[in-house]
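Coordinate inspection notes
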Amino acid sequence: MSENEKQESVHFIKEIVNDDLASGKNDGRVATRFPPEPNGYLHIGHAKSICLNFGLAAEYGGTCNLRFDDTNPSTEDVEYVESIMQDVRWLGFDWEDRLHYASDYFEDLYRFAVGLIEKGKAYVDSQSDEEIAAQRGDFYHKGKESPHRDRPARESLDLFGRMRAGEFEDGEHVLRAKIDMSSGNMNMRDPIMYRIRHAAHHRTGDEWCIYPMYDFAHGESDAIEKITHSICTLEFEGHRPLYDWYVREIGFDQPPRQIEFARLNLTYTVLSKRKLLQLVDEDLVQGWDDPRMPSISGLRRRGYTPESIRAFCDRIGVAKRDNVVDVSLLEHCLREHLNDTSPRAMGVLRPLKVVIENFPEDEVIWFDCPNHPEDPSMGTRKVPLSREILVERDDFREEAPKKWFRLSPDREVRLRYACLITCRDFVKDDSGEVVELRCTWDPDSRGGSAPDGRKVRGTLHWVSAAHAVPATVRLYDRLFLQENPMEAEDFKSTINPDSLEVLEGCRVEPSLAGTEAGSRCQFERLGYFCTDAKDSRGDALVFNRTASLRDTWAKIEKKMRSGSTSAPSSSRGS
RNA sequence: UCGGGGAUCGUCUAACGGCAGGACGGAGGAUUCUGGUUCCUCUAAUCUAGGUUCGAAUCCUAGUCCCCGAGCCA
């Protein structure tokens, strides 16, 4: 153990693993699994589980399987298994040859069930679901035993066989474990092991018409795969006694151990498959991979990096208490990685024309601009300056507020990496809107600094009007206005109406022409962007804003405004 | 009225009977050709009440509050 390095925290699951290793349990093996049900897309909450399971295996030199928990054919689909595999891979994890499906074990599971019937530990119940539900009792009252509970094993075996053979309709019979109808734990009140479902399964087709329930399939699949630590979320805590019961009664020798941790919650975010599906189905977003979605595919399309998501999962920790992580931590991890890795470029979102009056008509100066101010190894690119340029509309104010060091009449600013210009005049259109600035440049300031060493506080991004490339830019903001959308009467009522703003007519520097879809850059002073994986083409660029840069000026201005007037500003943007 | 789990800065997370620490956020400052980055400083917590102990976030007792559980979902 190194003493001076930042000590990685040992969360409670690692403690358990350490203890098991120390006591020689499982022959020193560590085997985990990530067990998604293929009935939806993965989201950032799943990423926590993926990082935990694969991370643990990697850290201890063990293995982590990918296993689809596909025991319910009516909700599952191959569309989901494909997206899940893509997402896990994208996050940076590899299950190698350990791809499994619970459905691969249907035959084993059936055999186990027969064994339990023979042992007198399971029976076929032939009541309706209403009757069974009524007999189960509630939290305060014990359940009643089914009239079929003591049906001879022979009879159950026969019925179970005919259930499999397809002799019955859905719901006519179920297979139940014979445990304890008076248990305080509802899961132990003779839980259902198998139900009849005449439905095509995405992998086994029509081979089966009975399907095992989660409880009967999950632990057994773990045991078959020789999983040592079966990690799941807190809501399965009450299932653990049942998990252990099945594994014990079937008689596995090195039974896996189920360990529960608290699932991730994020502020201003909804992380329930059902709610996310609702957003998609009701067209409140444009699909599962809408860049505003917390789905892995949405984050990917938004421009998130796998590294930043992994870093986030490392930092949030693993514990058992309910938690709501501030989404700003996710954004912090994102910016941290993007700052290091994104090449810089200049793009103007809302262009304002600037004429540099004393700049020769036909001259073009090509400046070598560093692609990253702190990392020379990222090289340089050429950026042209000519007489007419475009700057950000927001960077000019007819009347400069306090602490303003951008453009305003008679103010001198720097064009990043190019030169110093001073605003001499401005032109308004009939509606009173400023449409053009008249400036002069200091020819001795080529490169961006004046020979006399005078300080110029403001530095602006810019593009040469004649050379700039047109682009569409999509500005994304958080999808929900309320910190916990689930606390709203209806979570949809707190959807941010301005979560997407599409800007046409943006202009970016010519080095970006032909940029392939999905590549990332930082537009200086604005934020991190990526070309949209679906809609961007080399000759028709579409940028998604992944994250804005921290905006200290916005903060200052907000403070000044709220200090002088009573109007609170609502500047947001991530 | 039952069973299971959990309570530490605003948020997330450490501590394993011995100085309550880190990160995010927030506030302030330094540096800066991005009002970015970086750096520095500050901010702020042990659910309550008793007990054990030289010493308690940690152990004991009693409360309080929160989460999960009555699908032929996972």
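Residues numbered from 1 in each chain as written. Chains lettered and ligands numbered in written order. Predicted model: local features only at pLDDT ≥ 70, side-chain atom pairs only at ≥ 80, totals over all residues. Heavy atoms only, no water.

Considerations on the domain arrangement of chain A
What counts, and what does not: As used throughout, domain bounds are those supplied by an automatic or database domain assignment.
Annotation of chain A at the domain level lists domain 1 (3-261), domain 2 (263-345 + 469-574) and domain 3 (347-461). Taking the mean C-alpha position of each, domain 1 and domain 3 sit 63 Å from one another.

So, the protein's contact with RNA strand B
For clarity, the threshold we go by: One heavy atom suffices: a residue is near a molecule or strand as soon as one of its heavy atoms comes within 4 Å of it. Pairs of N or O atoms within 3.5 Å make up the polar contacts considered here, provided that, within protein, one atom can donate a hydrogen while the other can accept it, and that residues adjacent in sequence are counted only when both atoms are side-chain atoms. In this description a helix means any DSSP run of H or I spanning at least four residues, a strand means any run of E spanning at least two, and both kinds are numbered starting from the N terminus. In this count, Pro and Cys sit with the nonpolar residues alongside Ala, Val, Leu, Ile, Met, Phe, Trp and Tyr, while Asp, Glu, Lys and Arg are called charged and the others, Gly among them, polar.
Of all residues adjacent to RNA strand B, which total 67 residues, the nearest are E15, R344, G447, R550 and T552. When atoms of RNA strand B within 4 Å of the protein are split into backbone and base, the sugar-phosphate part holds 57%. Interatomic distance of 2.9 Å between a backbone N/O atom of Y214 and a phosphate oxygen of RNA strand B. Among the secondary structure elements, those contributing two or more residues to the surface near RNA strand B are β6 (192-196), α11 (306-316), α12 (327-341) and α13 (552-564). It is α13 that provides the largest number of residues to the surface near RNA strand B, a total of five residues. For the surface near RNA strand B, the residue count by class is 21 nonpolar, 18 polar and 28 charged.

Considering helix α7 (residues 214-224)
The following threshold applies: Exposure is judged per residue with a 1.4 Å probe applied to protein chains only, and the accessible area is read against the type maximum: over 50% gives exposed, under 20% gives buried, and values in between give partly exposed.
The element α7 is extensively covered by neighbouring structure, given that nine of its eleven residues are classed as buried. Considered for burial, the residues of α7 that qualify are D215, F216, A217, H218, G219, E220, S221, D222 and A223. Within two residues after α7, K226 carries a phi angle of roughly 55°, on the positive side.

A few points about a positive patch on the surface
Our working rule: Nonpolar side chains (Val, Leu, Ile, Met, Phe, Trp, Tyr) within 5 Å and like charges within 9 Å form the patches, drawn only from residues with over 30% relative accessible area and no salt bridge. Only the protein chains shown count as cover for residues, and the accessible areas themselves come from Shrake-Rupley with a 1.4 Å probe. Here a salt bridge means any side-chain nitrogen of Lys or Arg lying within 4 Å of a carboxyl oxygen belonging to Asp or Glu. The charge count treats Lys and Arg as positive and Asp and Glu as negative. His and the chain ends do not count. Note that the charge is assigned to NZ on lysines, CZ on arginines, CG on aspartates and CD on glutamates.
Taken together, the side chains of K402, K403, R550, K555 and K559 define a basic patch exposed on the protein surface. The topology assignment puts K403 in the loop between β15 (388-392) and β16 (412-415).

Section: the pattern of salt bridges
Counted according to the given criterion, the structure contains 52 salt bridges. The shortest N-O distance in the salt bridge between E501 and R350 comes to 3.4 Å. One end of the pair, E501, is in strand β22 (residues 500-508); the other, R350, is in the loop between β11 (347-348) and β12 (351-356), with 151 residues separating them in the sequence. Under the relative-accessibility criterion, R350 is labelled partly exposed at 29%. Through salt bridges that share partners, D289, R301, R474, D532, K534 and D535 make up one connected network.

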